[in-house]
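Next come the chains, spelled out residue by residue.
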Amino acid sequence: MPAVWQSGVIPYRINRGKIEVLLITTSSGKHWVIPKGWIPLWMTSSSSAAKEALEEAGVTGTVITPAIGRYSNQKLGYSYQIEVFSMRVEEELETYPEAKRRQRQWMSPSQAVKKVRSPELKRLLMQFRESYMNGE
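Residues numbered from 1 in each chain as written. Predicted model: local features only at pLDDT ≥ 70, side-chain atom pairs only at ≥ 80, totals over all residues. Heavy atoms only, no water.

Colleague: Looking at this structure, I do not really get the pattern of salt bridges. What am I missing?
Modeller: A pair can form between side chains of opposite charge whenever their charged atoms are brought close. As enumerated under the stated definition, the model contains eight salt bridges in all. We note a salt bridge from Arg 104 to Glu 92, for which the minimum N-O separation is 3.6 Å. Remark: Glu 92 occurs in strand β6 (residues 78–92) and Arg 104 occurs in strand β7 (residues 104–107); sequence separation between them is 12 residues. Residue class for Glu 92 comes out partly exposed when judged on its relative accessible area of 36%. One salt-bridge network, held together by shared partners, links Arg 13, Glu 20, Glu 92 and Arg 104. (Salt bridge = Lys/Arg side-chain N within 4 Å of Asp/Glu carboxyl O. Helix = DSSP H or I, 4+ residues; strand = E, 2+ residues; numbered from the N terminus. Buried < 20%, exposed > 50% of the residue type's maximum accessible area, 1.4 Å probe, protein only.)

So this is what it looks like as structure tokens:
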């Protein structure tokens, strides 16, 4: 199994008794994804995931450990693993580092499953949805 090179989060909130997750667009704007990024050597996987949520989606909150799972991705000819955590969003910022490069959108976990392309990320979102089924 390839090493974990990235970490990411499924940011969520409870809105009027229903759970919602936050997806962002890729920097090209073509696809919907979760906030994720390379893990710096001096950071834990979960704190790196929180940093990515702030930079890419403009949200802060509590990252819940352990991770809910992993999925693999390919970039520049390399295959690598992304460790995914859930994060209860406590604050949504209006200005954040990648605000001009990405859109963000709150939606139900079921809508999120339909919007993402990666079958493995779809699976993790379904797992997340099932573990929080009371909210949907």
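Colleague: I would appreciate a short explanation of the packing of aromatic side chains in the present structure.
Modeller: The geometry of two aromatic rings is summed up by the distance between their centres and the angle between their planes. Across all of its chains, the model carries five aromatic pairs by this definition. Seen in terms of ring centroids, Tyr 12 and Phe 128 are 5.4 Å apart; in terms of plane orientation they differ by 55°. Their pairing is tilted. With a gap of 116 residues between them, Tyr 12 in strand β1 (residues 4–15) and Phe 128 in helix α3 (residues 119–131) connect regions that are remote in the sequence. Comparing Tyr 12 with Phe 128 shows no difference in burial state: the two are buried. Between the aromatic rings of Trp 38 and Tyr 80, the centroid separation amounts to 4.9 Å while the plane-to-plane angle is 45°, which identifies the pairing as tilted. Linking Trp 38 in strand β4 (residues 36–38) with Tyr 80 in strand β6, this pair joins segments that are 42 residues apart in sequence. Judged by its relative accessible area of 0%, Tyr 80 falls in the buried class. (Phe/Tyr/Trp six-rings, centres within 6.5 Å; stacked < 30°, edge-to-face > 60°.)

Colleague: Is there a simple way to explain the environment of Gln 74 in this structure?
Modeller: Residue position: Gln 74 is located in strand β5 (residues 59–75). Sequence spacing of Gln 74 and Glu 120 is 46 residues, and the spatial spacing of their C-alpha atoms is 12 Å.

Colleague: Would you mind showing me how to read the nonpolar core here?
Modeller: Ranked by size, the top nonpolar core spans 19 residues in total, and within it Ile 10, Val 21, Leu 23, Ile 34, Tyr 71, Val 84 and Leu 125 carry the most contacts. Mapped by element, the contributors of at least two residues to this core are β1, β2 (18–25), β6, α2 (109–115) and α3. Of all the elements, α3 adds the most residues to this core, at four residues. With residues near it in sequence (within four places) discarded, Val 21 still touches Ile 10, Pro 11, Tyr 12, Gln 105, Trp 106, Met 107, Ser 108, Pro 109, Ala 112 and Phe 128. (Core = buried A, V, L, I, M, F, W, Y, C linked by side-chain atoms within 4.5 Å. Contact = heavy atoms within 4.5 Å.)

Any functional reading would require information beyond the geometric quantities listed.
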